[in-house]
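# Overview (structure and organization)
Listed below, chain by chain, are the residues.
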Amino acid sequence: MNKELFNALGISVITVTLNQKDNLLNTINSILQFRSANPNFLIEHIIVDGNSLDGTVELLNNLKNPTIRYISENDNGMYQAMNKGVKLASFNYLVFINAGDIINIGTVSIDLVNKLKEGLKDEKLAGFAFSAIYKIGIKSRLIKSRYVTPSVPIMPSLHQGMLYKRSLL
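Description of the structure in this document. (Residues numbered from 1 in each chain as written. Predicted model: local features only at pLDDT ≥ 70, side-chain atom pairs only at ≥ 80, totals over all residues. Heavy atoms only, no water.)

### A short note on the overall build of the protein chain
- In terms of helices and strands, the protein chain carries five helices and eight strands.
- Moving toward the C terminus, one meets the helices and strands of the protein chain in the order α-β-α-β-α-β-α-β-α-β-β-β-β.
- Relative to its full complement of 169 residues, the protein chain shows a buried share of 38%. (Helix = DSSP H or I, 4+ residues; strand = E, 2+ residues; numbered from the N terminus. Buried < 20%, exposed > 50% of the residue type's maximum accessible area, 1.4 Å probe, protein only.)

Structure below.
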């Protein structure tokens, strides 16, 4: 892959968590595997913990990876934590991945990167929606991204299935 192609597409992955140590570890590992599969892709992982009491803070303190940054402090819920992550982000594009969610470890295709670069030139475009699979208990459900129109102004996908422009978020 062409490193210059990815330089403009550095992505900050933001994970908010509270007392989800085991689930958080699965998420961290999936993002590290994704980075290994895509060595030229610039990605940082920002973890915003709500001052967990289940060993999450100890897990975070033992991380020795410069691409993972975290804070652990009280907050007023998930949305305040998400906004903290946005403020900590280094890159202009953001993805939210909840504790327990995983990112596909496949390689990023040049076609996808070119599509993103082309679309993200549009000053009015807030981001891209992708289809996402999530699990509730033992059932999995595919949520397909959908188009947003003035007559149907709904979120185009799950917030975990969105790549956002930081400047417009």
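### Brief notes about the pattern of salt bridges
- On inspection of all chains with the given rule, the structure shows two salt bridges.
- We note a salt bridge from arginine 69 to glutamate 44, for which the minimum N-O separation is 3.1 Å. Of the two residues, arginine 69 is situated in strand β3 (residues 68–72) and glutamate 44 in strand β2 (residues 43–49); the sequence distance between them amounts to 25 residues.
- Judged by its relative accessible area of 33%, arginine 69 falls in the partly exposed class.
- Exposure remark for glutamate 44: the relative accessible area of 8% places this residue in the buried category.
- The partner of glutamate 73 in a salt bridge is lysine 84, and the shortest N-O contact between them spans 2.9 Å. Of this pair, glutamate 73 sits in the loop between β3 and α4 (78–88) while lysine 84 sits in helix α4, placing them eleven residues apart in sequence.
- The class for glutamate 73 is partly exposed, based on a relative accessible area of 36%.
- You can call lysine 84 buried: its relative accessible area is 15%. (Salt bridge = Lys/Arg side-chain N within 4 Å of Asp/Glu carboxyl O.)

### Some points on α4
- Among the residues of α4, Ala81, Met82, Lys84, Gly85 and Val86 are the ones counted as buried.
- Residues of α4 that are buried in the fold lie against β1 (11–17), β2, β3 and β4 (93–96). (Contact = heavy atoms within 4.5 Å.)

### Section: the environment of leucine 24
- Structurally, leucine 24 is set in helix α2 (residues 21–37).
- For leucine 24, a relative accessible area of 0% gives the class buried.
- Between the C-alpha atoms of leucine 24 and isoleucine 47, which are 23 residues apart in sequence, the distance is 9.1 Å.
- Those residues in contact with leucine 24, other than ones at most four positions away along the chain, are Thr15, Thr17, Ile47, Thr56, Leu59, Leu60, Ala99 and Gly100.

### A look at unusual backbone geometry
- Located in the positive-phi region is asparagine 19, a residue other than glycine, with phi close to 55°.
- Structurally, asparagine 19 is set in the loop between β1 and α2.
- A relative accessible area of 36% places asparagine 19 in the partly exposed class.
- Of note, asparagine 51 is a non-glycine position whose phi angle comes to about 70°, a positive value.
- Mapped onto the secondary structure, asparagine 51 falls in the loop between β2 and α3 (56–61).
- Relative accessible area serves as the criterion here: at 34%, asparagine 51 is assigned to the partly exposed category.

### Observations concerning the side chain of threonine 56
- Within the secondary structure, threonine 56 sits in helix α3.
- Note on threonine 56: relative accessible area 0%, which makes it buried.

### Remarks on the side chain of serine 52
- Considering the arrangement of structural elements, one finds serine 52 in the loop between β2 and α3.
- Within the structure, the side chain of serine 52 is placed 2.4 Å from the side chain of aspartate 49, a separation counted as a polar contact.
- If we skip the residues at most four places from it in the chain, serine 52 touches Thr17, Leu18, Asn19, Val57 and Ser72. (Polar contact = N/O pair within 3.5 Å; in protein donor to acceptor, adjacent residues only side chain to side chain.)

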